[in-house]
Amino acid sequence: MSDNYPFNNDDKNNYQNSSSFIYENNSSPKNPKKHTGLKAIAFVLSMVVVGGGSVQVYKYMNADKIEVSDFDDSQSNTETSRAVVQQSLPDSSIAENPETKDIPSLIEIASRADAKSLPDIVDTIMPSVVGVASTFEYTPDYSGMGWGWGFGIPQQPQTQELRATGTGIVMSSDGYIITNAHVIYEDEEYKCGEAVEVSVVFSDETEHEAKIIAYDTETDIAVLKVNETGLTPAEFGSSEDLRVGELVIAVGNPLGFDLFGSVTSGIVSAKNRKIDINEKSMTLIQTDAAINSGNSGGPLLNSCGQVIGINSAKMSSSYGSASVEGLGFAIPINEAKIIIDDLINYKYVKGRPQIGISTVDVTESVSRYYDIPLGVCVQSVQEGGAGDLAGIQKGDVIIDADGEPVTTADELNKIKSNHKAGETLTLTITRAGEDIKIDVILQEANADKGTPFGDETSVDDN
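All values reported here derive from a predicted model rather than from experimental measurement.

Some thoughts on the overall build of the protein chain
Summing up its helical and strand segments, the protein chain has 9 helices and 29 strands in all. Taking all 462 residues of the protein chain together, the buried fraction comes to 44%. Carbon and sulfur atoms provide 48% of the accessible area of the protein chain, an area that totals close to 24,100 Å².

Encoded structure:
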């Protein structure tokens, strides 16, 4: 581990991971190398101008032509804005309400006492913000579409390329970079798995190949490494110190690298918002700072310019019949530090409990056909694993865990996750028509045991 490493020691589809996915019809992956002037992915943006007069800067206001001078060191934005507001108000209003002279701006109200100016924050963080471009290999599945019957579909599916873009944060001067796991690992729509190639683009437009050190899909965190030194690491703060209503700034690459380093601001809407994203329960920072596709893995900063969150997801623009805006989510940096530490040191997250089985959910139709109860059917048992040592066998149907009924692997995993490695999980299984209670002493999930993220495998019914 580097000496420069800073860390020591109800509809799921309404939430979107904020990476930008692009389909490319190529038969072989590209091989990006170091070069300058990169424009990794081009987008044609349709821009609509609404109310042209509203975007003009007026030099004069009111009949008295009050001049709004350019900002300099002797006059702050707040003072200038206050002067304009006061000139626009009737004299009687100012006389009757002298407190209006001291009305602070929203940024002043939401900022910490030791806050820095927004331009200074942006200047400082930009060298530490990178673009992440991932290349995935995808083979279309033509089964069930007439493939092989001579209807013009290729006899052999051709491997295609998928490109995803996101954002990353430089965390050490010798090349460690953090981002979201879903930027470099795709297992939702296309089931591509791990990216075959990852490159990182810096604010000076230089590109470097990156190595995937490790990633954790449960917390959506990944660590990359570029073979470079002298990088500018970001400053990390404490998400525990955040207050609801506090000013935050998001930096990232929405919609790809044409909008590299876009900056948005807002407030903390909630500190510990519990939501489910892709069937995973997460506790995140909620903010109304704009977070869009491509912002994944970028920094959420406090008003001192410290990273206090990793931007991860947004709620889609349509939630049932309602239209929603300003609902972005970030992983608290205090929780992320623990995961990042383990990923760098051990390549997996320590302490995660594991039973050591693969399973398939017993649906109602399967239950009726085979005359077995609803639950989680064991497909295989890892030799020497916790389940094997406890006596679990292939074909057992798990119907209860710690006194709670379970019908899916997700329900089983949620109960299992309440334990730590070394603790006991009590399962009720059905075997040959008989219910049996089994105490399982959970083992630590790690890469050597084949399940680096500690989840039992849920196999889809055929």
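Now that the structure has been shown, we can carry on.
Topic: helix H4 (residues 118-125)
Along H4, the residues that are buried comprise Ile 121, Val 122 and Ile 125. Each buried residue of H4 lies within a common arc of 95° when the element is viewed along its axis, so the set occupies one face. For H4, the exposed residues lying more than 90 degrees away from the buried face are Pro 119, Asp 123 and Thr 124. Looking at the buried residues of H4, the elements they touch are strand S5 (129-138), strand S13 (247-252), strand S14 (262-277), strand S16 (299-302) and strand S17 (307-315).

Looking at unusual backbone geometry
A positive phi angle, near 75°, is found at Glu 205, a position not held by glycine. Considering the arrangement of structural elements, one finds Glu 205 in the loop between strand S10 (197-201) and strand S11 (207-216).

Focus: empty space enclosed by the protein
Considering only enclosed or pocket space, the largest cavity measures out at about 70 Å³ in volume. In terms of lining residues, the largest cavity is bounded by Ser 239, Glu 240, Leu 242, Lys 271, Asn 272, Ile 285, Pro 332 and Glu 335. Residue classes in the lining of the largest cavity are distributed as 3 nonpolar, 2 polar and 3 charged.

Looking at the side chain of Ser 303
If you trace the backbone, Ser 303 turns up in the loop between S16 and S17. Classification of Ser 303 as buried rests on a relative accessible area of 1%. Polar side-chain contacts of Ser 303 include one of 3.0 Å to the backbone nitrogen of Arg 112.

Quick word on helix H9 (residues 409-416)
Because each turn of an α-helix spans 3.6 residues, side chains separated by three or four positions in sequence point in the same direction. Burial in H9 covers these residues: Ala 409, Leu 412, Asn 413, Ile 415 and Lys 416. When H9 is viewed along its axis, its buried side chains cluster within an angular range of 160° and face the same direction.

Concerning the environment of Ile 267
Among the structural elements, Ile 267 can be located in strand S14. On the basis of relative accessibility, which here comes to 30%, the residue Ile 267 falls in the partly exposed class. Along the chain, Ile 267 and Ala 110 lie 157 residues apart, while their C-alpha atoms are 7.2 Å from each other. Once residues lying within four places of it in the same chain are set aside, the contact partners of Ile 267 are Ala 110, Gly 245, Glu 246, Leu 247, Val 248, Gln 286, Thr 287 and Asp 288.

Regarding the nonpolar core
Membership of the largest hydrophobic core comes to 34 residues, with the highest contact counts inside it found for Ile 178, Val 223, Phe 236, Val 307 and Ile 340. If one sorts the elements of this core by residue count, helix H6 (residues 333-346) sits on top with 6 residues. The contacts of Val 307, once residues within four sequence positions are left out, are Ile 125, Ile 169, Ala 234, Glu 235, Phe 236, Gly 237, Pro 299, Leu 300, Leu 301 and Ile 333. In this structure, Val 170, Ile 177, Cys 192 and Val 226 belong to the second largest nonpolar core, which totals 22 residues.

Conventions and cut-offs
Residues numbered from 1 in each chain as written. Predicted model: local features only at pLDDT ≥ 70, side-chain atom pairs only at ≥ 80, totals over all residues. Heavy atoms only, no water. Helix = DSSP H or I, 4+ residues; strand = E, 2+ residues; numbered from the N terminus. Buried < 20%, exposed > 50% of the residue type's maximum accessible area, 1.4 Å probe, protein only. Areas by Shrake-Rupley, 256 points an atom, 1.4 Å probe, with all protein chains shown as cover. Arc of directions from axis to C-beta. Contact = heavy atoms within 4.5 Å. 1 Å grid on protein atoms, 1.4 Å probe; cavity = no way out; pocket = protein on both sides within 12 Å on 5 of 7 lines; lining within 4 Å. Points joined across faces, edges and corners; volume = space filled by probe spheres on them. Nonpolar A, V, L, I, M, F, W, Y, C, P; charged D, E, K, R; others polar. Polar contact = N/O pair within 3.5 Å; in protein donor to acceptor, adjacent residues only side chain to side chain. Core = buried A, V, L, I, M, F, W, Y, C linked by side-chain atoms within 4.5 Å.

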